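Spelled out from the first residue to the last, the chains are:
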Amino acid sequence: MFGKLQEIKNKDDFVGFLRAMSEDFVNAPEEWANGDIPSFLEAMAAWVEDRSGSPFDDTDYNKTDYNAIARVIYMGKLYE
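If you're wondering where the values come from, they're calculated on a predicted model, not measured in any experiment.

Reading the values: rules and limits
Residues numbered from 1 in each chain as written. Predicted model: local features only at pLDDT ≥ 70, side-chain atom pairs only at ≥ 80, totals over all residues. Heavy atoms only, no water. Helix = DSSP H or I, 4+ residues; strand = E, 2+ residues; numbered from the N terminus. Buried < 20%, exposed > 50% of the residue type's maximum accessible area, 1.4 Å probe, protein only. Areas by Shrake-Rupley, 256 points an atom, 1.4 Å probe, with all protein chains shown as cover. Lys, Arg positive; Asp, Glu negative; His and termini not counted. Charge placed at Lys NZ, Arg CZ, Asp CG, Glu CD. 1 Å grid on protein atoms, 1.4 Å probe; cavity = no way out; pocket = protein on both sides within 12 Å on 5 of 7 lines; lining within 4 Å. Points joined across faces, edges and corners; volume = space filled by probe spheres on them. Nonpolar A, V, L, I, M, F, W, Y, C, P; charged D, E, K, R; others polar.

Moving on, we get to the overall build of the protein chain. Helix and strand content of the protein chain: 4 helices and 0 strands. Its helices and strands taken in sequence order, the protein chain reads α-α-α-α from the N to the C terminus. For the protein chain, the C-alpha atoms occupy an extent of roughly 35 × 25 × 25 Å along the three principal directions. Among the 80 residues that make up the protein chain, the fraction classed as buried is 10%. With the model as given, the accessible surface of the protein chain reaches about 7000 Å², and the carbon-plus-sulfur share is 57%. Taking the average location of the 8 positive side-chain charges in the protein chain and that of its 16 negative ones, the two points are 8 Å from each other.

Structure follows, in structure tokens:
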């Protein structure tokens, strides 16, 4: 999965990554530290808080479109 993460360059790559993540959860649940939605979301929040303060993180958090990310996550709750 980490290799796929490194390859995301556009919307189609991102959609493919999300589908691959879903398949990975089904096929290898033992590799997931967070096996339910609340744990998964809390881990995401904790990682952003922790990693964004690291001098080794190369993400530009001032250029991240947080609204777009939030909409994607939220619509996963509603969209069928």
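Reported here for the largest pocket is a volume of approximately 2400 Å³. Lining the largest pocket are 44 residues, with F14, F17, L18, F40 and M44 positioned closest to its centre. Those elements that place two or more of their residues in the lining of the largest pocket are α1 (2-6), α2 (11-27), α3 (37-51) and α4 (66-78). A class-by-class count of the residues in the lining of the largest pocket yields 27 nonpolar, 7 polar and 10 charged.

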